[in-house]
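# Results of the structural survey
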Amino acid sequence: MIADLRKISNGAGSARAVYQHGHFCIRAFHRLITHPIYSCFLIFIIYLQIMDVILYFKIRSRKQLDLNISTINHTNLNFYDQKLSQISNDIHIFSSLPIKKIMVGQATQFVRSPLAECIESKLHFTYYLPMISANSVSFFHCFLSLISIKFLSSESLHRRQIGVVIFQFRTFLDCLDGVVFRAHSKNQRYKSYYGDLGYYVDAISDILGGTCLIIGCLLYFLKQRPFRLKTRQMNQSLSAHSSPASDFGLEETELMILNLKDESKLSLTNDINNSIFETKEKIIISLSLFALRYSLSAMFWDRYVRQYEDLLDSYKNKSQQQALQLNFLHSPLTILIFYLWRYLSALNFQDCLLVAIFADGTWKFIQKTSMIGWITLLVTAFVTELHVDQIRSVFSII
């Protein structure tokens, strides 16, 4: 029995190589034309970058925050007017710009938060549903996180894409619970309320969400292990078990399996399975390292948001200290550090991973970003620590 797998001439092989391995711009343009979802994604990325440029100039022109006007006097207002006045009817993406809003990820600042604020200001969510608290919203998106595991671990790409949509809705609810909290507490200030019950509930729900995302990826990889070697390396493995007759021909490449016996077939199958699929140990180690980097980014981000809030967004009774706050805030180095944490935040890691899952490139994303991700995270944390110490030492002298 002779099974001729493929016979490729030099001309056809070179043409295929041009398309597959070269001319990235041509292949990218072809995908944008044939898949409208890629075009929408590209437009969305361009929108985020334009908004980031606008944000830079807004930060440079930001004034001192009025920390005294954090609550609204509701003494002379009726119940309906109180609910409507908790959040302005206009959604201002760049209004006030506290430290937390500056350091949060792009998708959250420019998409999720404005949409959550719009639900409150236009649809009056807390007025019509006063029984729904911020913690109730947090508990519900914890439930969605658990549901998403079933979809994210599926072998079907369409079911995994549904899991991505569910998880993105869960992330939106994570923004909505902050809006509901500020509406119920009659406090418009966008900041982290460390020590409150809601802060710990939100932190636990975020930890659960990230854990469910990693578990979903792990279960999927254990069901359908990713490839390790390229097709050319697999062909070399096949050629090693084929007949010497496959070496004939200088002008064309032939891959033939000639009268393989049962043992030879079994040996070939084992060699291929062992060579082109990642081992379970490597899958677990790679995902564990990614989960560790994901957790460290969340811890570092929360730590530095708290420290920058205490240093640059806290009340100072001396005019000289207030001027220093603005000088440090407008500094290009400070803005650069803020932008780095916008990209290195856990939410941004999460969004990138969800995009990779949606595009069926999860393993490639985890492998390609492993080294550069660790280096960028640790270097940024080190520079930020030095910068915070420098600001603190300057304020201690005055």
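Residues numbered from 1 in each chain as written. Predicted model: local features only at pLDDT ≥ 70, side-chain atom pairs only at ≥ 80, totals over all residues. Heavy atoms only, no water.

The chain has the name Ceramide phosphoethanolamine synthase-like in an unreviewed UniProt entry, where Adineta steineri is given as its organism.

### Details of the packing of aromatic side chains
What counts, and what does not: Here the aromatic set is Phe, Tyr and Trp, taking the six-membered ring for Trp, and pairing holds for ring centres within 6.5 Å; pairs whose planes are under 30 degrees apart are stacked, those over 60 apart are edge-to-face, and all others are tilted. Each helix is a run of DSSP H or I of at least 4 residues and each strand a run of E of at least 2, with the numbering of both proceeding from the N terminus. We call a residue buried when its accessible area falls under 20% of the maximum for its residue type, exposed when it is over 50%, and partly exposed in between, using a 1.4 Å probe and counting protein chains only. Counting as a charge over the ring demands two things of the Lys NZ or Arg CZ atom: a distance within 6 Å of the ring centre and an angle within 35 degrees of the ring normal.
Scanning the model with the defined rule gives 14 aromatic pairs in all. Between Phe290 and Phe365, the ring centres sit 6.2 Å apart and the planes meet at 70°, which makes this aromatic pair edge-to-face. In this pair, Phe290 sits in helix α13 (residues 280-312) while Phe365 sits in helix α17 (residues 362-368), placing the two residues 75 residues apart along the sequence. Neither Phe290 nor Phe365 differs from the other in exposure class; each is buried. Taking the centre distance of 6.2 Å and the plane angle of 45° together, the rings of Phe328 and Phe395 count as tilted. Residue Phe328 is located in helix α14 (residues 319-330), and its partner Phe395 is located in helix α18 (residues 370-397); the two are separated by 67 residues in the primary sequence. Each member of the pair Phe328 and Phe395 is classed as buried. One aromatic cluster in this structure is built from Tyr220, Phe221 and Trp363. Over the ring of Tyr220 we find Arg160, and its NZ or CZ is 4.1 Å from the ring centre.

### Focus on the nonpolar core
Worth spelling out the cut-off: To define a nonpolar core, start from buried Ala, Val, Leu, Ile, Met, Phe, Trp, Tyr and Cys residues and group those joined through side-chain atoms within 4.5 Å. When checking whether two residues touch, look at their non-hydrogen atoms; a contact exists if any pair is within 4.5 Å.
In terms of nonpolar packing, the biggest core is built from 52 residues, with Met103, Tyr308, Leu312 and Trp341 touching the most fellow members. No other element matches the ten residues that α13 contributes to this core. Leu312 has contacts with Arg62, Gln64, Ile99, Gln325, Phe328, Leu329, Thr334, Phe338 and Ile391, leaving out every residue within four places of it along the chain. Leu144, Phe151, Ile166 and Phe172 belong to the second largest nonpolar core, which has 14 residues in total.

### Topic: the pattern of salt bridges
Definition in use: We define a salt bridge as a side-chain nitrogen of Lys or Arg found within 4 Å of a carboxyl oxygen belonging to Asp or Glu.
Overall, the coordinates contain nine salt bridges when judged by the stated rule. Of the charged contacts, one joins Asp351 and Arg112 as a salt bridge, the two residues approaching to 2.6 Å between their closest N and O atoms. Of this pair, Asp351 sits in helix α16 (residues 346-358) while Arg112 sits in helix α6 (residues 106-123), and the two are 239 residues apart along the sequence. Note that Asp302 is salt-bridged to Arg306, the shortest N-O span being 3.6 Å. With Asp302 and Arg306 both in helix α13, this residue pair falls four residues apart, about one helical turn. Since its relative accessible area comes to 35%, Arg306 is described here as partly exposed.

### Thoughts on the side chain of Ser138
Examined against the element boundaries, Ser138 turns out to sit in helix α8 (residues 134-152). Those residues in contact with Ser138 that sit more than four places away from it in its chain are Asp177, Val201, Asp202 and Ser205.

### Remarks on the UniProt feature "transmembrane region" (unreviewed entry) in the chain
Definition in use: UniProt positions are given in the numbering used here, feature names are shortened, and annotations may be inferred rather than shown by experiment.
Per the UniProt record, "transmembrane region" (unreviewed entry) is found at residues 36-57, 127-149, 197-222 and 321-341. The distance separating the terminal C-alpha atoms of residues 127-149 is 33 Å; by composition the span is 78% helix and 0% strand. The span residues 197-222 is 100% helical and 0% strand by assignment, and the distance between its end C-alpha atoms comes to 37 Å.

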